[in-house]
Amino acid sequence: MLDVSDLTTHYGTSQALFGMNFSLGTGEVATLLGRNGMGKTTTINSIMGIVKASGGSIVFDGEELVGRPSFRTANLGLGLVPEGRQIFPNLSARENLVATASNHLNQPDPWTIDRVFALFPELESRASSMGNLLSGGEQQMLAIGRALMTNPKLLILDEATEGLAPLIRQKIWSALADIRATGLSILVVDKNLHDLMRLADRHFIVQRGEVVWSGTSAELQADQTARETWLGL
Ligand code: ATP
């Protein structure tokens with residue numbers, strides 16, 4: 001589904017990714033872990049085409065993304081929940097969802113507004129509220145709903161629960177478990193290792209723009225040295 005190999009990305013003359021290597025299978029949930037500034041967001045933005053990779057390869061669903069203009073990655077099936085949510089402030093919650101809706105007539109069970117509201121009942125009662133009047137938790141639910149409305153094959157979340165109260169965070173984790181159960185592949189960045197280990201199959205630890213460790217939740221749980229060395233836990 002997603003194969004990232006030897007991916008390098010620069011910001012001007014400054015190199016942020018030094019040869020990232022990881023892959024994600026269909027229906028798998030994987031995380032990118034690591035301290036601040038190690039390259040997780042740059043990796044996600046390189047996959048999305050938001051920043052331009054300078055080398056290496058990103059094969060998504062059989063298509064090479066490196067070198068492809070970002071507007072041409074739009075319909076390939078990558079759904080992003082960006083850091084900071086970036087919902088449209090002057091559109092209602094419902095309009096935010098309509099704005100990204102795509103027709104996937106061949107899909108057996110496409111995402112619809114009603115399906116998003118079933119996943120996040122809180123959003124339904126706020127359907128007419130402007131994006132900028134929603135709480136942080138509601139905005140994050142909307143950002144996830146908006147990504148789902150594109151009917152992605154891979155859902156990518158950068159800082160899935162950042163800045164949210166514990167109760168809201170739990171709602172997001174529970175919704176992600178429901179989304180996972182539909183068979184959708186998920187790549188997620190977050191700081192809550194405990195919740196990530198429950199949700200994900202596989203973890204990739206990023207250190208200075210490279211994957212330095214990968215393994216399952218059980219392997220990460222058992223590897224105290226990895227958690228201390230790379231995650232400072
Ligand atoms: P965080 O959790 O803080 O977002 P991260 O692991 O996602 O961290 P990145 O944001 O990808 O890390 O940053 C990787 C490196 O690239 C850092 O050294 C950062 O300073 C640099 N960087 C990120 N964005 C830019 C930018 N727009 N211009 C220049 N350098 C950048």
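The preceding data block contains the structure.
The following refers to the structure shown. Since the structure is predicted, the reported quantities are computational estimates derived from the model, not experimental observations. (Residues numbered from 1 in each chain as written. Predicted model: local features only at pLDDT ≥ 70, side-chain atom pairs only at ≥ 80, totals over all residues. Heavy atoms only, no water.)

A short note on the pairing of strand 1 (residues 2-11)
(1) Moving on: Relative to strand 2 (residues 14-24), strand 1 runs antiparallel, the two being bridged by eight bridges. Bridge pairing in strand 2 places L7 opposite M20.
(2) Moving on: Here strand 1 hands over to strand 2 after two residues, with G12 in that stretch at a positive phi of 60°.
(3) Moving on: Relative to strand 4 (residues 53-60), strand 1 runs antiparallel, the two being bridged by six bridges. Looking at strand 4, one finds that V4 is bridged to I58. (Pairing = 2+ DSSP bridges. Helix = DSSP H or I, 4+ residues; strand = E, 2+ residues; numbered from the N terminus.)

Thoughts on the layout of surface pockets
In this approach, a probe sized like a water molecule rolls over the atoms, and the result shows the empty space that is left.
(1) Moving on: Empty space within the largest pocket amounts to approximately 580 Å³.
(2) Moving on: Residue lining of the largest pocket: 25 residues in total, with M48, L78, G79, L80 and T150 positioned closest to the centre.
(3) Moving on: Where the lining of the largest pocket is concerned, the elements lending two or more residues are helix 1 (40-48), strand 6 (78-81) and helix 5 (136-148).
(4) Moving on: Per-element tally for the lining of the largest pocket: the top contributor is helix 1, with four residues.
(5) Moving on: Of the residues belonging to the lining of the largest pocket, the class tally is ten nonpolar, twelve polar and three charged.
(6) Moving on: In this structure, the second largest pocket spans a volume of roughly 190 Å³.
(7) Moving on: Residue lining of the second largest pocket: L32, L33, G34, R35, N36, K40, D190, K191, L193, L231 and L233, and that is the complete set.
(8) Moving on: Looking at the lining of the second largest pocket residue by residue, the classes come out as five nonpolar, two polar and four charged. (1 Å grid on protein atoms, 1.4 Å probe; cavity = no way out; pocket = protein on both sides within 12 Å on 5 of 7 lines; lining within 4 Å. Points joined across faces, edges and corners; volume = space filled by probe spheres on them. Nonpolar A, V, L, I, M, F, W, Y, C, P; charged D, E, K, R; others polar.)

Concerning the packing of aromatic side chains
Centre distance and the angle of the planes are the two values used to describe a pair of aromatic rings.
(1) Moving on: Scanning the model with the defined rule gives one aromatic pair in all.
(2) Moving on: Between the aromatic rings of F22 and F204, the centroid separation amounts to 5.3 Å while the plane-to-plane angle is 45°, which identifies the pairing as tilted. Of this pair, F22 sits in strand 2 while F204 is found in strand 9 (residues 202-207), placing the two residues 182 residues apart along the sequence.
(3) Moving on: Take F22: its relative accessible area is 4%, and that puts it in the buried class.
(4) Moving on: The residue whose ring lies beneath R115 is W111, and the NZ or CZ to ring-centre distance is 3.7 Å. (Phe/Tyr/Trp six-rings, centres within 6.5 Å; stacked < 30°, edge-to-face > 60°. Buried < 20%, exposed > 50% of the residue type's maximum accessible area, 1.4 Å probe, protein only. Lys NZ or Arg CZ within 6 Å of the ring centre and 35° of its normal.)

Here we look at helix 2 (residues 93-100)
(1) Moving on: Inspection of helix 2 places A93, N96 and L97 among the buried residues, and these make up the whole buried set. The arc enclosing the buried residues of helix 2, seen along the axis, measures out at 95°, which places them on a common side.
(2) Moving on: In the core, the buried residues of helix 2 are packed alongside helix 3 (113-119) and helix 5. (Arc of directions from axis to C-beta. Contact = heavy atoms within 4.5 Å.)

Digging into the sheet that holds strand 5 (residues 63-64)
Each strand in a sheet pairs with another by means of backbone hydrogen bonds, the pair being arranged parallel or else antiparallel.
(1) Moving on: Strand order in this open sheet of four strands is 2-1-4-5, and the pairing throughout is antiparallel. In the strand order of this sheet, the two ends are held by strand 2 and strand 5, each with one partner.
(2) Moving on: Together, strand 1, strand 2 and strand 4 form the strand contacts of helix 1, whose direction differs from that of strand 2 by roughly 75°. (Axes fitted to C-alpha atoms, helices over the stretch in contact; angles between N-to-C directions.)

Remarks on the pattern of salt bridges
Side chains bearing opposite charge may pair, as long as their charged atoms lie close to each other.
(1) Moving on: All chains considered together, the criterion is met by seven salt bridges.
(2) Moving on: In this structure, the salt-bridge partner of R115 is D109, at a minimum N-O distance of 3.9 Å.
(3) Moving on: The class of D109 is partly exposed, set by a relative accessible area of 49%.
(4) Moving on: A salt bridge links E159 to K191, with the nearest nitrogen and oxygen atoms 2.7 Å apart. Placement of the pair is E159 in the loop between strand 7 (154-158) and helix 6 (166-181) and K191 in the loop between strand 8 (185-189) and helix 7 (193-199), with a sequence separation of 32 residues.
(5) Moving on: We classify E159 as buried; its relative accessible area is 9%. (Salt bridge = Lys/Arg side-chain N within 4 Å of Asp/Glu carboxyl O.)

Digging into the site of the ligand
(1) Moving on: Taken together, the residues surrounding the ligand are Y11, A16, R35, N36, G37, M38, G39, K40, T41, T42, E83 and E159.
(2) Moving on: G39 has a polar backbone atom sitting 2.9 Å from an oxygen atom of the ligand.
(3) Moving on: Its free accessible area being 620 Å², the ligand has 58% of it covered by the protein chains.
(4) Moving on: For the shell around the ligand, the leading source of residues is helix 1, giving three residues.
(5) Moving on: When the residues that make up the shell around the ligand are grouped by side-chain class, the tally is three nonpolar, five polar and four charged. (Near = heavy atom within 4 Å. Polar contact = N/O pair within 3.5 Å; in protein donor to acceptor, adjacent residues only side chain to side chain. Areas by Shrake-Rupley, 256 points an atom, 1.4 Å probe, with all protein chains shown as cover.)

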